[in-house]
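In case you want the letters, here they are:
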Amino acid sequence: MSEVTGYDYDLLVIGAGSGGVRAARMSAAKGARVAIVEDRYLGGTCVNVGCVPKKLYAYASHFHSAFDDASGFGWQLPGEARFDWATLRDNKTSEIKRLNGIYQRLLETADVNLYNGRARLENEHSVVIIDQQGDEQHVTAERILLATGGWPWVPTFPGNEHALTSNQIFDLERLPERFLVLGGGYIAVEFASIFNGLGSESHLIYRGDLFLKGFDNEVREFTRQEMDRQGVHLHFDTNIKTIEKTDTGYQVALTNGDTLEVDAVLAATGRRANVSGLGLEVVGLSLNEQGKLSVNERFETEVPSILALGDLIDTPELTPVAIAEAMQLADQHFGGTAPAPLDYTRVPTAVFCHPNIGTVGLSEEAARAQFGAIRVYRTDFRAMKHTLSGSQERTLMKLVVDDATDVVVGAHMVGDDAGEVIQGIAIAVRAGLTKRDFDNTVGIHPTGAEEFVTMRAPSRG
């Protein structure tokens, strides 16, 4: 027990995901006595059933087209390439176990105590931790950080119990020959592409007229065209009515009257705050209209000793955002500093569909609404690689510029390695560089990325 505060710990973190682990480690490095509680995924969703395995599966899915492209460059495979799902699945599992070990060692090195169990709030300074054997342990802390992230949500319809979520999709017994994804966000678009690339007949069902709501409209439409070119079956303006299990798979009835026979259904319909059984009601906390916990600039909830970050609060649901918030939180509460608030308007992000999407800053639509007069620079082209591969895949690059200041307020790309390219461009957008700065930058030739510094004439105002 701390002699200064009278509590067992200065900070108790509930949830050992990216944000929780970073907050624990950085707070401990600043002298705080810290513990962390996790009952399921050491390393969180991202490491176990999110970003990391998804990117590994995305890599696997791209080999299909790479084999097809190779012949134009003189490579002759000895026979038809065959994909083995079990090899990918099991190698993924081994890699996740390795990463789990790394996270445990990071906590141990930082002198953070790890409790394996499920925590429930008892009051504003105390939790009860229940381990797998049902044994209880009561722990107190001056501050309690809630970092339990999100949990997949499945809409209600007859047969929804047959739908998988992203928590199960990585560990299927076998690769489904016919695969259906319900949803229109990151996860839906990514897995429709991934399973298509692995060889499944892939369908995406979305109730709206176009997926990836909130992204630049031209990016959305370009991605639709390219996914359609890749062979993904896109069904917009419809929804799932029922799912019935059959002897050969699942019969999925759609609200537009169509019926599909598939081997697996993934409900990628969003995630909600993972607070079930956490005991929020005990301390008088509840979710706001956005389904999140309200916090101030110090990540304090309405109960000041209870903090929250990451997917539990109303900020972008991205791993790097949770990590950045954790760094801020540690500085504010244990570092004696008051860092500038995070800028959530220029957070870069990527969607690992095929082709990839990378984006930072404002969409064309948002920029018009904010600034009025803007300039748009855009290009789309077949990458140099495909002049020999024979593929008709195209790449889109786009800059959005505030006409009054010449500042680049948005950058968008759809194409190979878009995330890698946009990460660098994000520094320029974050720094507030102008279109003139882009024009004065010498390009790297021959690369696709040089197009970002060679688009001289605006496509439209």
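Because the structure is a prediction, the values reported are computed rather than measured. For every chain, the first residue of the written sequence is number 1, and numbering continues from 1 onward in sequence order. In view of the model being predicted, local features appear only for residues whose pLDDT reaches at least 70, and side-chain atom pairs are presented and counted only at 80 or more, with totals across whole chains, interfaces and linings using the full set of residues. Side-chain measures here rest on the full set of heavy atoms in the structure, leaving out hydrogens and waters.

> What am I meant to see in the pairing of strand 12 (residues 249-254) here?
Every other side chain in a regular strand lies on the same face of the sheet, so the side chains alternate between the two faces. Counting buried positions along strand 12 yields five of six residues, so the element is predominantly enclosed. At least two bridges found by DSSP between two strands is the condition for calling them paired. Secondary structure follows DSSP: runs of H or I at least 4 residues long count as helices, runs of E at least 2 residues long count as strands, and numbering of each begins at the N terminus. Two strands pair when backbone bridges link them, and strand 11 (residues 240-246) and strand 12 are joined in this way by six bridges, in the antiparallel orientation. The residue of strand 12 that forms the bridge with Thr 242 is Ala 253. In this structure, the hairpin formed by strand 11 and strand 12 is closed by a connection of two residues. With four bridges joining them, strand 12 and strand 13 (residues 259-262) adopt antiparallel strand pairing. The residue of strand 13 that forms the bridge with Ala 253 is Thr 259. Hairpin connection of strand 12 to strand 13: four residues between the antiparallel strands, including Gly 257 at a positive phi of 100 degrees. Summary of the burial criterion: residues with accessible area below 20% of their type's maximum are buried, those above 50% are exposed, and those between are partly exposed, where the area comes from a 1.4 Å probe applied to protein chains only.

> What is the right way to look at the UniProt feature "domain: FAD/NAD(P)-binding" (unreviewed entry) in the protein in this model?
UniProt positions are given in the numbering used here, feature names are shortened, and annotations may be inferred rather than shown by experiment. According to UniProt, the feature "domain: FAD/NAD(P)-binding" (unreviewed entry) maps to residues 9-326 in the numbering used here. Along residues 9-326 the backbone is 31% helical and 25% strand, and the end-to-end C-alpha distance reaches 18 Å.

> Any chance you could explain the sheet that holds strand 11 here in plain terms?
Sheets are built from strands paired through backbone hydrogen bonds, the pairs being either parallel or antiparallel. An order of 11-12-13 is seen for the three strands of this open sheet, with the pairing classed as antiparallel. The sheet is open, and its two edges are formed by strand 11 and strand 13, each paired on a single side. With strand direction ignored, the average angle separating the axes of adjacent strands in the sheet is 20 degrees. Fitting a line to C-alpha atoms yields each axis, with helices limited to the stretch in contact; the angle taken between N-to-C directions then spans 0 to 180 degrees.

> Even after reading the chapter, I still don't get the environment of Glu 108, so can you show me in this structure?
Within the secondary structure, Glu 108 is located in helix 4 (residues 85-109). Taking the C-alpha atoms as reference, Glu 108 lies 45 Å from Lys 398; in sequence the two are 290 residues apart.

> Sorry if this is basic, but what is going on with the domain arrangement of the protein here?
Accessible area lost upon the coming together of the parts is a frequently used measure of interface size. Bear in mind that the domain bounds are from an automatic or database domain assignment. Here the domain parsing of the protein yields domain 1 (9-47 + 88-149 + 274-334), domain 2 (153-269) and domain 3 (355-453). Just the C-alpha atoms count here: the centres of domain 2 and domain 3 sit 29 Å apart. The contact criterion used is simple: two residues touch if any of their non-hydrogen atoms lie within 4.5 Å. Each partner contributes residues to the interface: domain 2 has 11 residues there, and domain 3 has 16 residues. Values labelled buried area give the accessible surface lost by two parts on being combined, using a 1.4 Å probe and summing over both. Taken over both partners, the interface formed by domain 2 and domain 3 buries close to 1,200 Å², and the fraction arising from carbon and sulfur atoms is 62%. Ranking the residues of domain 2 by area buried against domain 3 places Asp 216, Glu 218 and Phe 222 at the top, with a combined share of 44%. The term salt bridge refers to a side-chain nitrogen of Lys or Arg lying within 4 Å of a carboxyl oxygen of Asp or Glu. On the surface where domain 2 and domain 3 come into contact, there are three salt bridges. For Asp 216, the salt bridge is made with Lys 398, and the minimal N-O distance between the two is 2.8 Å. Class assignment of the residues belonging to the side of domain 2 that touches domain 3 gives a composition of four nonpolar, three polar and four charged. Each residue receives one of three labels: charged for Asp, Glu, Lys and Arg, nonpolar for Ala, Val, Leu, Ile, Met, Phe, Trp, Tyr, Cys and Pro, and polar for the others, Gly being one of them.

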